[in-house]
Amino acid sequence: MPSAWDITIVETLTLLDGEFSEFAQGLANDSYAVWLGAGISLSKVPGLVDVAEGVLEHLRARVDPANDNCRFKRSLDRIIGLVNLSADDRKEVDYAKPVAQWRDRERIAKSLTGVYARMLDQHPQGEPADYLVWDGIGVVARYADPASSPGPEHLGLAGLIMEGVVSDAVSANWDGLVEKAIALLAGAGPGVMQVRVLPDDVKDNTARARLYKFHGCAVLAGQDEAHYRDRLVGRASQIHGWADKAENKVIAAKLVDLAVSKSTLMLGLSTQDTNIQNVFVVAQGNLPSHFPTHPPSVILSEQDVGADQLSLLQNFYKLDYCGKAAEIEQGSLLRSYGQSLLPALWLHVLAAKLEALVAPAAAGLSEAAHKALRADLRSLRDATAFGVAVKDNEAFMLKALAWAGRSTSFFRDGKELEAARGVYTPLSINSVAKTLADPTVASSGLPQLALGLALIGRGKAAGHWTLSLGDPANAKAGAVKVAGPVRFAEIFFAANAQAAARLVTAGHASEDDDAIILHSHEVPPRAVRHPTAAPGRTLRRGRREFSLAELAQGEADLDRLMLRFKGEMAI
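The structure displayed is predicted, hence computed values, not measured ones.

Enquirer: Explain the overall build of the chain to me, please; I cannot follow it from the model alone.
Expert: When you go through the chain residue by residue, the secondary structure sums to 27 helices and twelve strands. Each of the three principal axes of the chain carries a C-alpha extent, and together these read 100 × 50 × 45 Å. Considering the chain as a whole, with its 571 residues, one finds that 53% of them fall into the buried category. Total accessible area computed for the chain in this model is approximately 24,300 Å², and 53% of it derives from carbon and sulfur atoms. Side-chain charges of the chain comprise 60 positive and 67 negative groups, with the mean position of each set lying 3 Å from the other.

Enquirer: It is not clear to me how the nonpolar core should be interpreted in this structure. Could you clarify?
Expert: Generally speaking, soluble globular proteins have nonpolar side chains that are buried together. One finds Phe 23, Leu 265, Trp 346, Ile 491 and Phe 565 to be the most contacted residues of the largest nonpolar core, which totals 95 residues. Considering each element in turn, this core owes the most residues, 13 residues, to helix α19 (residues 338-361). Dropping the residues within four chain positions of it, Trp 346 is found in contact with Gly 156, Gly 159, Leu 160, Met 397, Ala 400, Leu 401, Ala 404 and Tyr 424. Ranked by size, the runner-up nonpolar core spans 76 residues in total, among them Val 45, Met 119, Leu 232 and Ala 252.

Enquirer: Honestly, the packing of aromatic side chains in this entry has me stumped. Any pointers?
Expert: Two aromatic rings, taken as a pair, are described by how far apart their centres are and by the angle between their planes. Scanning the model with the defined rule gives 13 aromatic pairs in all. Residues Phe 410 and Phe 492 carry aromatic rings whose centres are separated by 6.0 Å and whose planes lie at 45° to one another, so their mutual orientation is tilted. With Phe 410 in helix α21 (residues 393-413) and Phe 492 in strand β10 (residues 488-494), this residue pair connects regions lying 82 residues apart in the sequence. Like Phe 492, Phe 410 is buried. Members of the aromatic cluster, joined through ring pairs, are Trp 35, Phe 280, Phe 291, Phe 316 and Tyr 317. Between Lys 481 and the ring centre of Phe 488, over which it is positioned, the NZ or CZ distance is 4.5 Å.

Enquirer: Could you clarify how one ought to interpret the sheet that holds strand β6 (residues 298-301) in this entry?
Expert: Sheet strands pair by backbone hydrogen bonding; their relative direction is either parallel or antiparallel. Ordered in space as β3-β4-β2-β1-β5-β6-β7, the seven strands form an open sheet in which the pairing is parallel. Single-partner strands in this sheet number two, and they are β3 (193-196) and β7 (333-334). In the sheet, strand β5 (residues 263-267) pairs with β6 via four bridges, with the strands oriented parallel. Bridged to Met 266 within β6 is Leu 300.

Enquirer: Looking at this structure, I do not really get the packing of helix α24 (residues 446-461) against helix α27 (residues 558-569). What am I missing?
Expert: The geometry of a pair of packed helices is captured by two quantities: the angle between their axes and the separation between those axes. Between α24 and α27, whose axes approach to 11 Å, the crossing angle comes to 90°. For the element pair α24 / α27, the angle class is roughly perpendicular. Contacts from Leu 451, Gly 452, Leu 455, Ile 456, Arg 458 and Gly 459 of α24 reach α27 at Leu 558, Leu 561, Met 562 and Phe 565. Residues belonging to the contact of α24 with α27 are distributed by class as follows: seven nonpolar, two polar and one charged.

Enquirer: Before we go on, may I ask you to explain the pairing of strand β11 (residues 515-519) in this structure?
Expert: Consecutive side chains along a regular strand alternate between the two faces of the sheet. With respect to burial, β11 is a largely interior element, five of its five residues being buried. Inspection of the sheet shows β10 paired to β11 by five bridges, in the parallel sense. What sits directly across from Ile 491, in β11, is Ile 516. Each parallel crossover has a hand, and the one from β10 via helix α25 (residues 497-505) to β11 is right-handed. Relative to strand β12 (residues 544-547), β11 runs parallel, the two being bridged by four bridges. Among the inter-strand pairings, Ile 517 is bridged to a residue of β12, identified as Glu 545.

Enquirer: I'm lost on the confidence of the model for the chain in this one. Help?
Expert: Should the pLDDT be low somewhere, the predicted coordinates at that spot are not to be read in detail. Here the chain averages 94 in pLDDT, and 97% of its residues register 70 or above. Ignoring residues within four places in sequence, the model shows residues 527-537, a span with pLDDT below 50, making five contacts including any to other chains.

Enquirer: Could you clarify how one ought to interpret the pairing of β6 in this entry?
Expert: Judged by which residues are buried, β6 turns out to be covered on both faces: Val 298 and Leu 300 on one side and Ile 299 and Ser 301 on the other are all buried. Note on the crossover from β5 through helix α16 (residues 274-286) to β6: the handedness is right-handed. Pairing of β6 with β7, which is carried by two bridges, proceeds in the parallel orientation. Each residue of the ladder has a partner; that of Leu 300, found in β7, is Leu 333.

Enquirer: Could you clarify how one ought to interpret the sheet that holds β12 in this entry?
Expert: Pairing within the open sheet is mixed, and its five strands lie in the order β8-β9-β10-β11-β12. Edge positions in the open sheet fall to β8 (466-469) and β12, since each of these has one partner strand only. Along the sheet, successive strands turn relative to each other by an average axial angle of 25°, direction set aside.

Enquirer: What's the story with the environment of Gln 125 in this structure? I'm lost.
Expert: Within the fold, Gln 125 resides in the loop between α7 (116-119) and α8 (131-137). Taking relative accessible area as the criterion, Gln 125 reaches 56% and is therefore assigned exposed. Taking the C-alpha atoms as reference points, Gln 125 and Asn 205, 80 residues apart in sequence, are found 43 Å from one another.

Enquirer: How should I be thinking about the pattern of salt bridges in this particular structure?
Expert: Per the stated rule, a full pass over the model turns up 33 salt bridges. A salt bridge links Asp 200 to Lys 203; the shortest N-O distance between them is 3.5 Å. The pair Asp 200 / Lys 203 is uniform in exposure class, with both members exposed. Between Arg 560 and Glu 555 there is a salt bridge; the shortest N-O distance is 2.9 Å.

Enquirer: I tried to follow α16 on my own but got confused; where do I start?
Expert: Residues lying three or four places apart along an α-helix face the same way, a consequence of the helix completing one turn every 3.6 residues. The end-to-end C-alpha separation of α16 is 18 Å, in line with the 18 Å expected for 13 residues at 1.5 Å each. When we look at burial in α16, the residues that qualify are Asn 275, Ile 276, Val 279, Phe 280, Ala 283 and Gln 284. At its buried positions, α16 is contacted by β1 (32-36), α14 (236-239), α15 (249-261), β5 and α17 (307-316).

Enquirer: Hey, could you run me through a nonpolar patch on the surface in this one?
Expert: Together, Leu 184, Leu 398 and Val 423 line one region of the surface with nonpolar side chains, adding up to about 200 Å² of accessible area. You can see Leu 398 is positioned in helix α21.

Enquirer: Looking at this model, I keep getting lost on the side chain of Glu 163. Mind explaining?
Expert: Here Glu 163 is to be found in the loop between α10 (152-162) and β2 (168-171). Classification of Glu 163 by relative accessible area gives buried; the value is 0%. Excluding its chain neighbours within four sequence positions, the residues that come into contact with Glu 163 are Val 349, Leu 350, Lys 353, Tyr 424, Pro 426, Leu 427, Ser 428, Ile 429, Asn 430 and Ser 431.

Scoring rules and cut-offs
Counting of residues starts from 1 at the beginning of each chain's written sequence and follows it residue by residue. Given that the model is predicted, a residue must reach a pLDDT of at least 70 before its local features are reported, and side-chain atom pairs must reach 80 or more before they are shown or counted; all residues, however, enter totals for whole chains, interfaces and linings. Side-chain numbers come from the whole structure's heavy atoms, not from hydrogens or water. Going along the chain from the N terminus, every DSSP run of H or I of four or more residues is numbered as a helix, and every run of E of two or more is numbered as a strand. Between buried and exposed lies partly exposed: a residue is buried under 20% and exposed over 50% of the maximum accessible area for its type, with that area taken using a 1.4 Å probe on protein chains only. Using the Shrake-Rupley algorithm and a 1.4 Å probe, accessible areas are obtained, with residue cover drawn only from the displayed protein chains. When charges are counted, Lys and Arg contribute as positive and Asp and Glu as negative, whereas His and the chain ends are disregarded. Taken as the charge centre is NZ of Lys, CZ of Arg, CG of Asp or CD of Glu, depending on the residue. Throughout this description, the term nonpolar core refers to a set of buried Ala, Val, Leu, Ile, Met, Phe, Trp, Tyr and Cys residues connected via side-chain atoms within 4.5 Å. Two residues form a contact once any of their heavy atoms are found within 4.5 Å. Two rings belonging to Phe, Tyr or Trp (six-membered ring only in the last case) form a pair when the distance between their centres is within 6.5 Å. Interplanar angles under 30 degrees mark stacking, angles over 60 mark edge-to-face geometry, and anything in between is tilted. Charge-over-ring placement is defined geometrically: NZ (Lys) or CZ (Arg) within 6 Å of the ring centre, and within 35 degrees of the ring normal. A pair of strands is considered paired only if DSSP assigns at least 2 bridges between the two. Think of each axis as a best-fit line through the C-alpha atoms, taken over the contacting stretch in the case of a helix, with angles from 0 to 180 degrees between the N-to-C directions. Here roughly perpendicular refers to angles of 65 to 115 degrees, roughly parallel to angles under 35, roughly antiparallel to angles over 145, and oblique to all remaining angles. For this classification, Asp, Glu, Lys and Arg are treated as charged, while Ala, Val, Leu, Ile, Met, Phe, Trp, Tyr, Cys and Pro are nonpolar and the rest, including Gly, are polar. When the strands point away from the viewer and the connection leading from the first strand across the helix to the second strand turns clockwise, the crossover is called right-handed. Scored from 0 to 100, pLDDT records how confident the predictor is in each individual residue. For this document, the term salt bridge refers to a Lys or Arg side-chain nitrogen within 4 Å of an Asp or Glu carboxyl oxygen. Multiplying one less than the number of residues by 1.5 Å gives the expected span of a helix. Patch membership needs two things, relative accessible area over 30% and no salt bridge, and members are linked within 9 Å if like-charged or within 5 Å if nonpolar (Val, Leu, Ile, Met, Phe, Trp, Tyr).

Below, the structure written as structure tokens:
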């Protein structure tokens, strides 16, 4: 079985279409709270091994060898004492040498990751209790570095948040990479996601999504030390009894509510901290689950079920775990890490919305025809990420989000996105079910967009044409470029006449361009450019426009609809 590190986006999509389809459908309907741990940021910020080494070196560099009662030495001694070293191994730990030169440096640092909270409590006498977090780790410099950039995990999550399918996320991380991803996609304005750290934060419900940073935020602590420094949680003395402390009761209650009211997707979170464990113990004490639940109550983005994850599953399914342990673990373990899972979920949600909108766009077709068109959309979805290696996920997401944002902006408004608004605009800001129920969906043009993309995908599968994604850097590029046996065309979608007119007047789809504008609704009349031209369809160069709504109206046969679509494309 391949490692979860090696699973690609396309391979993850196969899992989401197969044994984890119920989970994927639930997430597309905002049924999951996403719980994030250090694992999703390992490629971008220091992991616990680096943190442990940093703390050791910070203290070692301050040891006064001439002072047997040096407070930094006593602090360092206590930390080394947390590691199970033999007497001989302990002699090899030489404080006169940099930690990087210690013989057992790697083993010591790795061992400390299992007791990192206790390590951070061993502050030197006379220093503040959070000294090893604030100064030893250098939490602001390490985790609020303005030069750091979001990875594919953060970008995928930001896309899901903007699409309205992750309205609640919980993070044990100090970094601000999710927030940076949101800023990249949506711009700096408010309204998309609110970060909740302080109790009073829960009173603000103006944003579409909430990110609960229950261990604090290094970015905010760097900006406002007076209010946010003491909210940085990492020490054992803070974690033990966390939910019962007055300053944590409000956020703790919100986390318990999420664990009760929503299913759980857990990424990169070991759950070794007792405050996390206690949230789920209390939640399942209030509302224990029977296995199976629909959708699954817990999904773990892991290679294997570890000891801490095992405790979580036992708490969730305590009524059934003894008799169904193997089934529960198999049904909960999605062997794809966040770097592929979150981008795959973003692609899945886009396709799921379009799939749901196909039927309203072609109401005369049978359910079998609708099913075939949904399969065509999934084929397009998979082709988008085909061949993308795990190491290239970040570059893929940056390109794909910019392409999707530009294409949707052209479709809806006929304009490029303004820089201040970020690089992305969602298909809708609601879950799949709520999008379908939206009374404005019929006039939005989205159903026809779904139909047009499905027919383009169907033509590709039949060999009528090849496809490539539009290049956002090229002003003349459409959503996709279609190349047939005779010629090619840049394909633009227009939700309304205004969007189409703007595409033309801005020069994206000029009169003489090899471009096709697919209108969701009626094509407004325009002056005849060549009144003496022969009647009937020709292969002259230049922009063509036709209406998807008119094409599908009253059509009951998918093959005939495809034939008519191919004729209008004329490539």
